[in-house]
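Descriptive structure summary
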Amino acid sequence: MSTHLGLPDLGGLADVPTTDAPQKAKDYKSDQEVRWCPGCGDYIVLNTMQSFLPTLGLKPENIVFVSGIGCSSRFPYYMNTYGMHSIHGRAPAIATGLAVSRPDLSVWVVTGDGDALSIGGNHLIHALRRNVNLKILLFNNRIYGLTKGQYSPTSEEGKRTKSTPMGSLDHPFNPLSLAIGAEASFVARALDSDKKGLTEVLTAAAQHRGSAFVEIYQNCPIFNDGAFDVIKDKDEAARRLIPLRPGEPITFGPEEEYGVVRSGFAGLETAKVSEVGLDNVVVHDPTITDPAYAFALSRIGGQDLEHTPTGILRQVSRTTYDDAARAQVAQAKQAKPADLQGLLTGNDTWTV
Amino acid sequence: MTRETMASPANGKTEVTKLDRVVIRFAGDSGDGMQLTGDRFTSEAAAFGNDLATLPNFPAEIRAPQGTIPGVSSFQVHFADYDILTPGDRPDVLVVMNPAALKSNLADVPRGGILIVNTDEFSKRNLTKVGYEQSPLEDGSLEPYQVYEVAMSTLTQGALADTGLGKKDAARCKNMFALGLLSWMYHRPTEGTERFLTEKFAAKPQIAEANLLAFRAGWNYGETTEAFANTYEVAPAKLPQGTYRQITGNQALSYGIVAAGQQSKLPVVLGSYPITPASDILHELSKHKNFNVTTIQAEDEIAGIGAGLGAAYGGSLGVTSTSGPGVALKSETIGLAVMTELPLLVIDVQRGGPSTGLPTKTEQADLLQAMFGRNGESPVPIVAPCSPGDCFDIALEAARIALTYRTPVMLLSDGAIANGSEPWLVPDVADLPDLSVEFAAEPNAMDGSDEHWPYVRNTDTLAREWALPGTPGLQHRIGGLEKADNQGHISYDPDNHDRMVRLRQAKIDGITVPDVTVDDPTGNARVLALGWGSSFGPIGAACRRVRKSGMEIAQAHLRHLNPLPANLGRILEEYDTVVLPEMNMGQLAMVLRSRYLADIRSYTKVAGLPFRAAELAEVFTDIINDTRPEGSGETDHVLTEATE
């Protein structure tokens, strides 16, 4: 059960000032030359973000991007908003301090698989469990790019890289399972190449009050090229991608001939609709409070991309840390005036 | 110590001796409530108007095995009829609740000192546990002392017989019995403790009554038995006029942060992670949310400072509090704060190191970590309080520097100051400094464009503008990568980097700090005793002793360690010898030698406890007499009685 402190269930942008002035994508482009490698998936995500932000109608000065270290973490420099390129893994912690103290800002964290899941794993899970009003975009290219090609916490077992010439020994994280395990209130996945799907997910994330975790599969053309080719190939994509649409049975395949059905103890698996019947296909409901459902969904997608759910897996309402923290301050202010002299003097004095 | 004895007009049996100062140490098992007992006795002394200083000393383990030496917890209080500077070198009175407490504390008691012993715990088993083959109460080894044997557990149980409490629970009140007895011996007012017990146990009336009964039983035991030949009076101290309260260093530091928020009109955001001996700052600030204070208990030390820095970026007074091991973890973020030039208070309540070290003991060994413990050229201002009460002023000073110069500031307190308490002259809020800040409101590009350049500097302070997210037209990006001078875009240009390194250094070097003052009563001293941080008390007390013995010595104490006061170099030159005691291996001495090419005599001790005044007095005397060999560290302790 989620804990509500009697706070109104507002959208993620409730306190962020809006403007009627028309905005265009170019308004969000900074004057800095973008320095990612040619063909990098980050370009597409950046363009999508710059075209999507105007649709929110927010005052651009009330948007902040905070990043860590890595290729994706250069993102803030290219956005004509406020931004901080911080240190490796720590962006969620820094963004927490900002979000708690400034409800009038829409705060976005841009991170990568190494930044968020390796050096910054602790901050990520704690930001998610606290449900701080942050939008966390994890660009997952399954490799360390900026340091020129070592395996990452999402690389497949046995991956040969400069640091693993005989193959990596690490079992990879499933980022969605991790986020759901931390009871993130919003968990979604999108592909860098799918502008429409990514825009839908970003829009919902922006409107969500609380931590929104979005994994974006992103191609690194230099050190891990083609990692996601199997789900970008049109025919293969139709067979492998499982688009999640709230309120609809989870079906997929070129002819929608496959579906997701219940399996074992709180699990889900894929099956042929013709064999199980449409009535037995699970109807997607991201608002189920128990994280077991979204977790089971996340497990359908494996490292091998054989099946890959995309869209919003989980979207539940739960009190945010920053709202609750501000409510305590407001409550304390109401209960007791800020009498500094009284505080310093205390109750137990003597006079000389 | 001066004394004056007369027959008590009260009962004619005991004599009342007037003393100018007394040091009492309560020692017992960790579960015996010695910290509470000491704390209450201190409050009674404060309420009576004595000057006082305290030294709590307890193990890092919450409950070490009962009755063992590692489990001993003690609380020393020094109270006097004049202004004192330290918690006292050696206890005049040692109250011991068990054999372990006797064994571990006896060496500190001067011959002739008073021992008050709870005999009930001196069983064969308890004696064996700490290696006594024979009871020291019986083998004559305590002959040099005035020993008072009191069966405190039994007497307490007797007093509580009608309360319905079990024997074991009743015996747990024996610390209040001890407090009652000592309160009688020293003519302390008792109303405060009675009120305290009633309020503390308001929800448990039976426990409240038991503690009150035990407290009164201790008092009555002294009053009605003839066991004690003397009681003692220590008159109120003649301190500067004003309203006083008792305060610990961590409390004063927390109040200083609250005051800094009010005086700057900024919200305070503390990001912190529990760590001894700094956690009380997190606890205290969490009580004062009505002053627009937000406290975040983060998932780790790094997240604590990260939250503080994130809040600072958004326009709050960002604070993080920790001890040495936490500073090690925060170093990278302090570097980011240096690079992004944002105001941030980093509080290091130093403890014994390295590594986990001595969590509950004191040390001054983080100075070089604070000064240099980051990658790259990463200058940070450093301030250090010299007493518990000074923590309030130093917090305001740290905030002034951080906000004026847009820089992280290291504040180095330590365990002795943090947990020690003293009477504090309550400041008038109207006298506190104005710390209000101006945020950037207009684009400031030097090329006439409508852009905001984040690294354009104030020509006086070299501080960059604080442009808050949410300000229209000032959108800009900052971060850990090197930035172009003024414009603030990423720059790898060699000359630019060299210039930015020098600018960051010049900004810190140019911080205005007050001159250091020298206490040299005759103006003829040839030796200067220099110090920093919590050693102010012992150094000052040692100087008093040296002067009382007819010699001359000057004293100066640094509260600003980076940048150093502008007049320090001249002062170092004015004396033939400068002696610098530090609870480290000579860290400030190293800095001063390098900075001023000055011949500093370093005296070091790293024992986890504050210096003793007597020890330093001997060091100073030897140096004045030119009989002390260079480079000697630890000295034998002087056992002679002396005033401060």
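Reading the values: the criteria
- Here the residue numbers are simple positions, counted from 1 along each chain's written sequence.
- Starting at A for chains and at 1 for ligands, labels are handed out in the order in which the entities are written.
- Predicted model: local features are reported for residues with pLDDT of at least 70 only, side-chain atom pairs are reported and counted for 80 or more only, and whole-chain, interface and lining totals are derived from all residues.
- The side-chain figures draw on all heavy atoms in the structure; neither hydrogens nor water molecules are used.
- Working definition: helices are DSSP H or I runs of at least four residues, strands are E runs of at least two. Numbering for both runs from the N terminus.
- Here the globule rule is a power law, 2.2 Å times the number of residues to the power 0.38, and the radius of gyration is based on C-alpha atoms.
- Three labels apply to residues, based on accessible area from a 1.4 Å probe with only protein chains included: buried if under 20% of the type maximum, exposed if over 50%, partly exposed otherwise in between.
- Contacts: residue pairs with any heavy atoms within 4.5 Å of one another.
- Only the protein chains shown count as cover for residues, and the accessible areas themselves come from Shrake-Rupley with a 1.4 Å probe.
- Two strands qualify as a pair provided DSSP detects at least 2 bridges between them.
- Each axis is a line fitted through C-alpha atoms, and for a helix only the stretch in contact is used; angles between axes span 0 to 180 degrees, taken between their N-to-C directions.
- What counts as buried area is the accessible surface, traced by a 1.4 Å probe, that two parts surrender upon association, with contributions from both included.
- Should a side-chain nitrogen of Lys or Arg be within 4 Å of a carboxyl oxygen of Asp or Glu, the pair is scored as a salt bridge.
- Side-chain atoms alone can form a polar contact between residues adjacent in sequence; in general such a contact is a pair of N or O atoms within 3.5 Å, and within protein one must be able to donate a hydrogen while the other accepts it.
- Orientation is classified from the angle alone, with under 35 degrees giving roughly parallel, over 145 giving roughly antiparallel, 65 to 115 giving roughly perpendicular, and any other angle giving oblique.
- Here a crossing is called left-handed whenever its near helix is offset anticlockwise from the far helix by less than a right angle, and right-handed whenever the offset is clockwise.
- Three categories are distinguished: nonpolar for Ala, Val, Leu, Ile, Met, Phe, Trp, Tyr, Cys and Pro, charged for Asp, Glu, Lys and Arg, and polar for the others, with Gly belonging to the last.
- The distinction between a cavity and a pocket rests on a 1 Å grid over the protein atoms alone: a 1.4 Å probe fits inside a cavity but cannot get out, while a pocket stays open yet meets protein on both sides within 12 Å along at least five of seven lines, and a residue with an atom within 4 Å of a point counts as lining.
- Grid points are joined across faces, edges and corners, and a volume is the space filled by probe spheres set on the points.
- In this scheme, a helix's expected span is set at 1.5 Å multiplied by one less than its residue total.
- Each aromatic pair joins two rings of Phe, Tyr and Trp (for Trp, the six-membered one) with centres within 6.5 Å, and gets the label stacked for planes under 30 degrees apart, edge-to-face for over 60, and tilted for any other angle.
- Whether a charge sits over a ring comes down to the Lys NZ or Arg CZ being within 6 Å of the ring centre and within 35 degrees of the ring normal.
- Charged residues are defined here as Lys and Arg on the positive side and Asp and Glu on the negative side; His and the ends of the chain fall outside this count.
- Put simply, a nonpolar core is a bunch of buried Ala, Val, Leu, Ile, Met, Phe, Trp, Tyr and Cys residues held in one set by side-chain atoms that sit within 4.5 Å of each other.

1. Overview of the overall build of chain A
For chain A, the helix and strand inventory stands at eleven helices and twelve strands. Taking 20 Å as the expected radius of gyration for a compact globule of 352 residues, we find that chain A reaches 22 Å, a close match to that expectation. Each principal axis of the C-alpha distribution contributes one length, and for chain A these read about 85 × 50 × 50 Å. Considering chain A as a whole, with its 352 residues, one finds that 55% of them fall into the buried category. In chain A, the proportion of contacts linking residues at least 24 apart, taken out of those at least 6 apart, comes to 68%. Element-wise, carbon and sulfur atoms account for 53% of the exposed surface of chain A, whose accessible area totals about 14500 Å².

2. Points about the environment of Pro 385 of chain B
All names here are of chain B. Inspection of the secondary structure puts Pro 385 in the loop between β15 (382–383) and α14 (390–405). Along the backbone, Pro 385 and Asp 498 are 113 residues apart, and their C-alpha atoms lie at a distance of 34 Å. Beyond its immediate sequence surroundings of up to four residues, Pro 385 is in contact with Asp 390, Cys 391, Ile 394, Leu 411, Leu 412, Ser 413, Ile 417, Gly 533 and Ser 534.

3. Describing the sheet that holds strand β3 (residues 21–29) of chain B
Residue and element names in this part refer to chain B. In space, the six strands of this open sheet follow the order β4-β5-β3-β6-β7-β8, with mixed pairing throughout. Each edge of the sheet is formed by a strand with only one pairing partner; in this case those strands are β4 (51–57) and β8 (146–150). Between one strand axis and the next, the sheet turns by 15 degrees as a mean value, whatever way the strands run. Of the pairings in the sheet, the one linking β3 to strand β5 (residues 72–80) comprises nine bridges and is antiparallel in character. Note on β5: the bridge partner recorded for Val 22 is Phe 79.

4. Some points on the interface of chain A and chain B
Taken together, the contacts link 55 residues of chain A with 72 residues of chain B. When chain A packs against chain B, close to 5200 Å² is buried across both sides, 60% of that on carbon and sulfur atoms. The largest per-residue losses of area from chain A upon contact with chain B belong to Tyr 82, Leu 344 and Trp 350 of chain A, which jointly make up 16% of the total buried on that side. For the pair chain A and chain B, the interface holds one salt bridge.

5. Examining the side chain of Thr 471 of chain B
Its place among the elements puts Thr 471 of chain B in the loop between β17 (421–425) and β18 (477–479). A distance of 2.6 Å separates a polar side-chain atom of Thr 471 of chain B from the backbone oxygen of Leu 468 of chain B. Those residues in contact with Thr 471 of chain B, other than ones at most four positions away along the chain, are Glu 61 and Tyr 82 of chain A together with Ala 440 and Ala 441 of chain B.

6. Looking at the packing of helix α1 (residues 34–48) of chain B against helix α7 (residues 191–200) of chain B
Relative placement of two packed helices is described by the angle separating their axes and the distance separating the axes. Residues and elements named next belong to chain B. The geometry of α1 relative to α7 is characterised by a closest axis approach of 9 Å and an angle of 135 degrees between their N-to-C directions. The pairing of α1 with α7 is recorded here as oblique in orientation. Seen along the crossing, α1 lies across α7 with a hand that is right-handed. Along the contact surface, α1 presents Leu 36, Arg 40 and Glu 44, while α7 presents Gly 192, Thr 193 and Phe 196. Residue composition of the contact of α1 with α7, by class: two nonpolar, two polar and two charged.

7. Re the layout of surface pockets
Residue and element names in this part refer to chain B. Here the second largest pocket defines a volume of roughly 760 Å³. Residue lining of the second largest pocket: 34 residues in total, with Ile 84, Ser 387, Pro 388, Glu 422 and Pro 423 positioned closest to the centre. Elements with a contribution of two residues or more to the lining of the second largest pocket: β4, α14, α15 (415–419), β17 and α17 (536–548).

8. Side note on α17 of chain B
Residue and element names in this part refer to chain B. Relative to the 18 Å expected for 13 residues at 1.5 Å per residue, α17 spans 18 Å between its end C-alpha atoms, a close match to the ideal helical length. Against β3, β20 (527–532), β21 (554–558), β23 (577–582) and α20 (613–624) lie the buried residues of α17. Gly 550 lies just past α17 and shows a positive phi near 100 degrees.

9. What to know about the pattern of salt bridges
Summed over the entire model, instances satisfying the criterion amount to 37 salt bridges over all chains. In this structure, Arg 209 of chain A engages Asp 15 of chain A in a salt bridge whose closest nitrogen and oxygen atoms are separated by 3.0 Å. Placement of the pair is Arg 209 of chain A in the loop between α6 (195–207) and β6 (212–217) and Asp 15 of chain A in the segment before α1 (41–52), with a sequence separation of 194 residues. The class of Arg 209 of chain A is buried, set by a relative accessible area of 9%. Between Glu 194 of chain B and Arg 216 of chain B there is a salt bridge whose closest N-O contact spans 2.9 Å. Of this pair, Glu 194 of chain B sits in helix α7 while Arg 216 of chain B sits in helix α8 (residues 205–224), and the two are 22 residues apart along the sequence. Note on Arg 216 of chain B: relative accessible area 38%, which makes it partly exposed.

10. Here's the deal with the sheet that holds β17 of chain B
Strands pair in a sheet through their backbones, by hydrogen bonds, and they do so in one of two ways: parallel or antiparallel. One open sheet holds the three strands; their spatial order is β12(A)-β10(B)-β17(B), and the pairing between them is antiparallel. Each of the sheet's edge strands pairs with one partner strand only, and the pair in question is β12 (349–351) of chain A together with β17 of chain B. Taking the axes of each pair of neighbouring strands and ignoring which way they run, one obtains an average angle of 35 degrees across the sheet. In this structure, strand β10 (residues 243–248) of chain B lies alongside β17 of chain B, joined through five bridges in antiparallel fashion. Residue pairing across strands places Gln 246 of chain B opposite Pro 423 of chain B, the latter belonging to β17 of chain B. Across the sheet, α1 of chain B is in contact with β12 of chain A together with β10 and β17 of chain B; its angle to β10 of chain B comes to roughly 165 degrees.

11. Some details on the environment of Thr 193 of chain B
Residue and element names in this part refer to chain B. Tracing the backbone through its elements, the reader meets Thr 193 in helix α7. Residue class for Thr 193 comes out buried when judged on its relative accessible area of 0%. Between the C-alpha atom of Thr 193 and that of Phe 177, which follows or precedes it by 16 residues, the distance is 12 Å. Those residues in contact with Thr 193, other than ones at most four positions away along the chain, are Arg 40, Glu 44, Leu 179 and Phe 215.

12. Brief notes about the packing of aromatic side chains
Residue and element names in this part refer to chain B. Using the criterion set out here, one finds 22 aromatic pairs over all chains in the structure. The interplanar angle of 85 degrees and the centroid separation of 6.4 Å between the aromatic rings of Phe 41 and Tyr 186 together place this pair among those described as edge-to-face. With Phe 41 in helix α1 and Tyr 186 in the loop between α6 (174–185) and α7, this pair connects stretches of sequence that are 145 residues apart. Accessibility expressed as a relative area gives 2% for Tyr 186, which makes it buried. Sitting above the plane of the Tyr 132 ring, Lys 103 keeps its charged end 5.0 Å from the centroid. A cation sits over an aromatic face here: Arg 464 above Tyr 455, 5.0 Å from the ring centre.

13. Considerations on the side chain of Arg 351 of chain B
All names here are of chain B. Considering the arrangement of structural elements, one finds Arg 351 in the loop between β14 (344–350) and α13 (367–372). For Arg 351, which is buried and forms no salt bridge, the nearest opposite charge comes from Glu 301, at a distance of 7.7 Å. Here the side chain of Arg 351 touches Thr 356 through a polar contact of 3.2 Å, landing on its backbone oxygen.

14. Description of the nonpolar core
One broad rule of soluble globular proteins: the nonpolar side chains tend to lie buried together. Judged by nonpolar contacts, the single largest core of 143 residues is most densely connected at Leu 134 and Phe 213 of chain A together with Phe 392, Met 410, Leu 530, Leu 558 and Leu 588 of chain B. Tallying contributions element by element places α14 of chain B first for this core, with eleven residues. Discounting residues that sit within four places of it in the chain, Phe 392 of chain B has contacts with Leu 344 of chain A together with Ala 252, Leu 253, Tyr 255, Gly 256, Ala 259, Trp 424, Pro 427 and Leu 432 of chain B. Listed in part, the 49 residues of the second largest apolar core include Leu 19, Phe 75, Met 152 and Phe 177 of chain B.

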